[in-house]
Amino acid sequence: TATSLVDASSQFTDRDLDASYDESGATRVELADSGSKVTGDGASVDGGTVTITESGTYVVSGSLSDGRIVVSAGEEDKVQVVDGASVGSSSSAALVVTQADKVFLTLAQGSQNTLTASGADVESDYGNVDGAVFSKSDLTINGDGNLSVSSSQGHGIVCKDDLRLVDGIVDVSAAGHAIQANDSVRVNGGAWTLTAGTDGIHAENDEDSSKGYVYLAGGSLGITAGSDGIDAGSVLQVDGGSVSVAAQDDGLHAEYDLAINGGSVNVTQSYEGVEGARVSITGGETSVVSSDDGLNAAGDPTGSTGTMDATGVTSATDSTSVTDSAQSGQAPSAPSGGMMGSDSSASILISGGRVVVNAEGDGIDSNGDLTITGGETYVSGPTGDGDGAIDYGDGSTATISGGIVVAAGSAGMAEGFSASSSQGSMLVAASGDAGDVVTLKDSGGET
């Protein structure tokens, strides 16, 4: 059964998924350094700035070498910007949304679009603008066109509300986060190439811990990140699509629960591959390469356990004291495997899918319980005696009742499954050389 951290049915509206527009009734905006032109109502030009002030559809073409498009509409207005243009800005974002109920950035079919910020973060009439695309309202990106977003000193796409990535062929390159949102980042389709100096996708709300979540339903994500590939301030749920991550820190990280129910997750480089307070894998294909732990459940950072609703944490209750729940990305000061403290709020559940881990640290590391009820799990490494292929908290249990698990690593910290397991298992010590074959035979001598 899939682990539901968010309400999947409410993540995208019909209009999010429909990139069509009425061209005959749209206002046309033709961008030009010599003077932009507006044909229709709801928009005006002031030098290099085009400002949209009313609900409606605006078809944009042409280019600005140093200017911006600003959406400053009513609180209830829905604005659709059909992009077929190139906008660069040296002093602010190329696209700024100061107010609207919701803005749809629709990439016209076959179009090539560019939004670039070359300057540093600035305090302006729009507030602290720190991205090439900056929105204070809900923002949806859809359509079949191409979009390139770059920020040489700030973030790529910044949304202070809910950001929905529905479709398009999009390349984002930023000195900071490639994509950042306060309330949520939701991906349904498209092909997204993200290159970031810090996080590839970052969602965090400092004022409301129930927000700041990431939900992946489809699409293709290729992420190269100087810090985390995906970093969710509350929960992270993967139901579909494909994600490929090369990260200097965590591949996928959630402060609270992290669930992989489907799709493909391929972490080719990381410090820790998949990390959350609690981790569940119920389906899909998960592959992890890590210089420390492959899968890591570190325990609830608030010292509480709880269930998750559609947007985050609910029904929190006190848990036992947290003695080893740091998620700072720093190397541990001592090996785990029962040698460090445990946290009853931490857990790893594998009930389906296929998991392949190649770890230099612990292959699968839960500061609390480890439960396997199905799927296929294969762990290679570690080779150092300070870590183990399987590790769980001191006083906790590792139980298996179904599925296949093959975990190989050094014997110094080796742990097997608890006696309370309903499925048989073996913990075998073997010696030999690299490339030697270990063969399992039945009582009749058959391999």
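Since the structure is predicted, the reported quantities are computational estimates derived from the model, not experimental observations. (Residues numbered from 1 in each chain as written. Predicted model: local features only at pLDDT ≥ 70, side-chain atom pairs only at ≥ 80, totals over all residues. Heavy atoms only, no water.)

Draft legend 1. Main features of the overall build of the protein. The number of helices and strands found in the protein is one helix and 44 strands. Here the protein holds 447 residues, and the buried ones make up 51% of them. Surface summary for the protein: the accessible area is close to 17600 Å², and the carbon and sulfur share equals 44%. (Helix = DSSP H or I, 4+ residues; strand = E, 2+ residues; numbered from the N terminus. Buried < 20%, exposed > 50% of the residue type's maximum accessible area, 1.4 Å probe, protein only. Areas by Shrake-Rupley, 256 points an atom, 1.4 Å probe, with all protein chains shown as cover.)

Draft legend 2. Main features of the pattern of salt bridges. On inspection of all chains with the given rule, the structure shows nine salt bridges. We note a salt bridge from Arg278 to Asp257, for which the minimum N-O separation is 2.7 Å. One end of the pair, Arg278, is in strand 32 (residues 278–281); the other, Asp257, is in strand 29 (residues 257–260), and 21 residues separate them in sequence. Across the pair Arg354 and Glu376 runs a salt bridge, and its minimum N-O distance is 3.9 Å. Of the two residues, Arg354 is situated in strand 38 (residues 354–359) and Glu376 in strand 41 (residues 376–380); the sequence distance between them amounts to 22 residues. Note on Glu376: relative accessible area 30%, which makes it partly exposed. One connected set of salt bridges, linked through shared partners, spans Asp16, Lys102 and Arg164. (Salt bridge = Lys/Arg side-chain N within 4 Å of Asp/Glu carboxyl O.)

Draft legend 3. Expanded view of a nonpolar patch on the surface. Together, Met426, Val428 and Leu440 make up an exposed nonpolar region whose accessible area comes to about 370 Å². By the element assignment, Val428 lies in the segment after strand 44 (404–408). (Patch = residues over 30% accessible without salt bridge, like charges linked within 9 Å, V, L, I, M, F, W, Y side chains within 5 Å.)

Draft legend 4. Molecular detail of the layout of surface pockets. Of the volumes computed, that of the largest pocket is approximately 1300 Å³. What lines the largest pocket is a set of 36 residues, and nearest its centre among them are Val406, Ala407, Ala408, Gly409 and Val428. Breaking the lining of the largest pocket down by element, the ones donating at least two residues are strand 41 and strand 44. When residues of the lining of the largest pocket are assigned to their parent elements, the largest contribution, five residues, is made by strand 44. (1 Å grid on protein atoms, 1.4 Å probe; cavity = no way out; pocket = protein on both sides within 12 Å on 5 of 7 lines; lining within 4 Å. Points joined across faces, edges and corners; volume = space filled by probe spheres on them.)

Draft legend 5. Just the pairing of strand 17 (residues 162–165), in detail. Along strand 17, one buried face is formed by Asp162 and Arg164 and the opposite face, lined by Leu163 and Leu165, is buried too. Relative to strand 17, strand 14 (residues 138–143) runs parallel, the two being bridged by three bridges. Residue pairing across strands places Ile141 opposite Leu165, the latter belonging to strand 17. Taken together, the four bridges between strand 17 and strand 20 (residues 184–187) define a ladder with parallel strand orientation. Bridge pairing links Asp162 to Ser184 in strand 20. (Pairing = 2+ DSSP bridges.)

Draft legend 6. Geometry of the side chain of His177. Looking at the secondary structure, you find His177 in the loop between strand 18 (169–174) and strand 19 (179–181). In this structure His177 comes out as buried when scored by relative accessible area, which is 11%. The residues contacting His177, other than those within four sequence positions of it, are His155, Gly156, Ala196, Thr198, Asp199 and His202. (Contact = heavy atoms within 4.5 Å.)

Draft legend 7. Spotlight on the environment of Val405. One can find Val405 in strand 44. For the pair Val405 and Val379, spaced 26 residues apart in sequence, the C-alpha separation works out to 8.1 Å. Those residues in contact with Val405 that sit more than four places away from it in its chain are Ile372, Thr377, Ile390, Ile400 and Phe417.

Draft legend 8. Geometry of the environment of Val185. Its place among the elements puts Val185 in strand 20. Residues Val185 and Arg164, spaced 21 residues apart in sequence, show a C-alpha to C-alpha distance of 6.0 Å. In this structure, Val185 is in contact with Leu163, Leu165, Ile179, Ile201, Ala203, Tyr213, Val214 and Tyr215, ignoring residues within four places of it in sequence.

Draft legend 9. Region of the structure containing the pairing of strand 27 (residues 242–247). Direction of pairing for strand 24 (residues 220–225) relative to strand 27: parallel, over a ladder of six bridges. Bridging from a neighbouring strand, Thr224 pairs with Ala246 of strand 27. In this structure, strand 27 lies alongside strand 30 (residues 264–269), joined through five bridges in parallel fashion. When the bridges of strand 30 are listed, Ser242 appears paired with Ser264.

Draft legend 10. Up close: unusual backbone geometry. Looking along the chain, the bond that leaves Gly381 and enters Pro382 is cis, with omega of 0°. Relative to the elements of secondary structure, Pro382 occurs in the loop between strand 41 and strand 42 (390–392).

Draft legend 11. Structural context of the environment of Ser90. The topology assignment puts Ser90 in the loop between strand 7 (78–89) and strand 8 (95–99). Separated by 22 residues in the primary sequence, Ser90 and Arg68 place their C-alpha atoms 9.6 Å from one another. Setting aside its immediate chain neighbours within four residues, Ser90 contacts Asp66, Ser118 and Gly119.

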